[in-house]
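Results of the structural survey
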Amino acid sequence: MINIENLIDYLNPVNIDEIIDLKRLNINQLGNQIAFYSSQNTDLTQYNIGILGVQSNASNSSLSNSANKVRKELYQLFSWTDNMKVVDLGNVNQGKTVNDTCAALETILQDLLAQNLFCIIIGDDQDLSYVQYKAYENLDKKINVVVVDEKIDIDDHFDVASSNQFYINKILAHKPSHLFNYLQLAYQSFLVNPYKVELLRKKSFECYRLGYLLEDMKRLEPMLRNADMLSLDISSIKYGDAPGQKNHSPNGFSAPDMCRIGRYAGLSDTLSSFGFYEYLVDNDTKGLTAQVIAQCIWYFIGGYYERNTEDPTLYNSDNIRYNVSITDKGEEIVFHKSKRTGRWWMQVPLVHSEDQPYVLVPCTEEEYKIACKREIPDRWLQALMKYSQ
């Protein structure tokens, strides 16, 4: 691990003049609210959020403009957040090989995580998700990984590590494993072999279709609430709203949906890194995709500064406990609701633990209503299987 102040050796600070004229911006626009990492500003302990660009594909020089294109749009947005402490770290210095660049990114992320500095990554290749995952290895904890993608990037050799396999395989096969749960969000059924969904679910991981999430976007909030890292493929956004992508699907999340995802991610108490991947600036002729990413980051920042760590099990006026009977024998599921934030949790028993009788799993009011019909919510069953392993 490197000294946090020596990150300058791994980073290429932003040349602001090449991106935008800050003098023409209002004092309340983000370009004048965000700090910039440089050789004169190396103390990162004063910041909460860092923005980092990375290009792993050395064969395409245009990709280096992707993060800067997003920056140009982001800097023009107005800040509504008081006492914002965000720093733009610049771009990772590109190594001679992809592996060199990935090694530099992993080292940087390890140090940022150790310093509790949230990192927003704007990268060219979603394979960098594996690097993002490896950066958590030294934290001595199991983490929850959430991936948003229209496809499931996994091959049939599920538990075999190799240099040419998909990044999801690498995450699942990594030893020693520090993965607790994996959530695949927004896959589109007609683009995915059912076998891949079956593979993940057999491992007690979670997969949710795009259609299921679009029925009620509130379902996303509890899925992100306990996440540690989030990886988002720009192809999960429909092409009409984000043409700067490698795929051209008419279906996907909309720009407003992305803003909601950004806010939910910001509100998550545990999330510590958020990667935007597969943005192709050459396909984004009018900058529409860059605007979507920038606005998602804007909503993330707003949500981050409204984070509210809660203990819903406390007996006070802010919390409500519901004991819901699901059988005639009196078996029940216990739900908790925060009146302050409106968030819900459900108790899942720990059958193999003597010290801790249950764990709290984030949920929505929908799961509570299902239990009130004497039906067991799917997410409760999935969590029970996960914690019973």
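Check the entry above for the structure.
Notes on the structure follow. (Residues numbered from 1 in each chain as written. Predicted model: local features only at pLDDT ≥ 70, side-chain atom pairs only at ≥ 80, totals over all residues. Heavy atoms only, no water.)

Our focus in this paragraph is the overall build of the protein. The helix and strand inventory of the protein stands at 11 helices and 14 strands. Computed over the C-alpha atoms, the radius of gyration of the protein is 21 Å, within 12% of the 21 Å expected from 2.2 N^0.38 for a compact globule of 389 residues. A buried classification covers 55% of the 389 residues belonging to the protein. Summing over all exposed atoms, the protein offers an accessible surface of approximately 17,900 Å²; the carbon and sulfur share of this is 46%. (Helix = DSSP H or I, 4+ residues; strand = E, 2+ residues; numbered from the N terminus. Rg over C-alpha atoms; globule rule 2.2 N^0.38 Å. Buried < 20%, exposed > 50% of the residue type's maximum accessible area, 1.4 Å probe, protein only. Areas by Shrake-Rupley, 256 points an atom, 1.4 Å probe, with all protein chains shown as cover.)

What follows deals with the sheet that holds strand β11 (residues 319–325). Sheet architecture is open: four strands sit in the order β11-β12-β13-β14, paired in antiparallel fashion. Two strands in the sheet have a free side with no partner beyond their single neighbour: β11 and β14 (358–363). Adjacent strand axes in the sheet meet at a mean angle of 30° when their direction is disregarded. For strand β12 (residues 332–338) and strand β13 (residues 344–349), the ladder comprises three bridges, and the chain directions are antiparallel. In the sheet register, K337 faces β13, and the bridge partner there is W344. Packing of helix α10 (residues 365–372) onto the sheet brings it into contact with β11, β12, β13 and β14, and relative to β11 it is tilted by some 35°. Helix α11 (residues 378–387) rests against β12, β13 and β14 of the sheet, and its axis sits at about 45° to β13. (Pairing = 2+ DSSP bridges. Axes fitted to C-alpha atoms, helices over the stretch in contact; angles between N-to-C directions. Contact = heavy atoms within 4.5 Å.)

What follows covers the nonpolar core. General note: in soluble globular proteins, nonpolar side chains tend to be found buried as a group. L185, F253, F274, F276, I297 and F300 are the most contacted members of the largest nonpolar core, which totals 57 residues. Element by element, the count of residues in this core is highest for helix α9 (residues 288–304), at nine residues. Residues contacting F276, with those up to four places away along its chain left out, are I120, I121, I122, G123, L232, I234, I293, C296 and I297. The next biggest cluster of nonpolar side chains, apart from the first, holds 46 residues, and it includes A35, L89, A104 and V147. (Core = buried A, V, L, I, M, F, W, Y, C linked by side-chain atoms within 4.5 Å.)

What follows concerns the packing of helix α1 (residues 65–75) against α9. Look at α1 against α9: their axes get within 8 Å of each other, and the N-to-C directions meet at 60°. Classed by the angle they form, the pair α1 and α9 counts as oblique. Taken as a pair, α1 and α9 cross one another with a handedness that is right-handed. Contact residues: α1 offers K69, V70, E73 and L74, while α9 offers A290, Q291, I293, A294, I297 and W298. Looking at side-chain class alone, the contact of α1 with α9 contains seven nonpolar, one polar and two charged residues. (Parallel < 35°, antiparallel > 145°, perpendicular 65-115°, else oblique. Left-handed = near helix turned anticlockwise from the far one by under 90°. Nonpolar A, V, L, I, M, F, W, Y, C, P; charged D, E, K, R; others polar.)

This part is about the pattern of salt bridges. Taken as a whole and judged by the stated rule, the model has 16 salt bridges. The partner of R225 in a salt bridge is E221, and the shortest N-O contact between them spans 2.7 Å. Of the two residues, R225 and E221 both sit in helix α7 (residues 220–225), four residues apart, roughly one turn of that helix. Like R225, the residue E221 is buried in the burial classification. Taking the shortest distance from any N to any O, the salt bridge between D269 and R343 comes out at 3.6 Å. You can see D269 sitting in the loop between α8 (255–267) and β10 (273–277) and its partner R343 sitting in the loop between β12 and β13, a full 74 residues away along the chain. Where salt bridges share partners, they join D269, E310, D318, R340 and R343 into one cluster. (Salt bridge = Lys/Arg side-chain N within 4 Å of Asp/Glu carboxyl O.)

All right, on to the packing of α8 against α9 then. As a packed pair, α8 and α9 sit with axes 7 Å apart at the nearest point and diverge in direction by 30°. What the angle tells us is that α8 and α9 run roughly parallel. The chirality of how α8 crosses α9 is right-handed. Across the interface between the two elements, A255, M258, C259, G262, R263, A265, G266 and L267 of α8 pack against V292, Q295, C296, Y299, F300, G302, G303 and Y304 of α9. The class makeup of the residues in the contact of α8 with α9 is 10 nonpolar, five polar and one charged.

With that settled, consider unusual backbone geometry. Each neighbour pair has its own omega, and for K175 with P176 the value is -5°, a cis peptide bond. In this model, N83 sits at a positive phi of 55°, which is unusual for a non-glycine residue. Take N83: it is sitting in the loop between α1 and β4 (86–92). Judged by its relative accessible area of 66%, N83 is exposed. For R374, which is not glycine, the phi torsion reads 65° and is therefore positive. Structurally, R374 can be placed in the loop between α10 and α11. We classify R374 as partly exposed; its relative accessible area is 44%.

With 17 residues, α9 extends 24 Å from end C-alpha to end C-alpha; this agrees with the ideal 24 Å at 1.5 Å per step. Most of α9 is tucked away: 12 of the 17 residues are buried. On its buried face, α9 is in contact with β3 (49–54), α1, β4, β5 (118–123), α8 and β10. (Expected span 1.5 Å × (residues − 1).)

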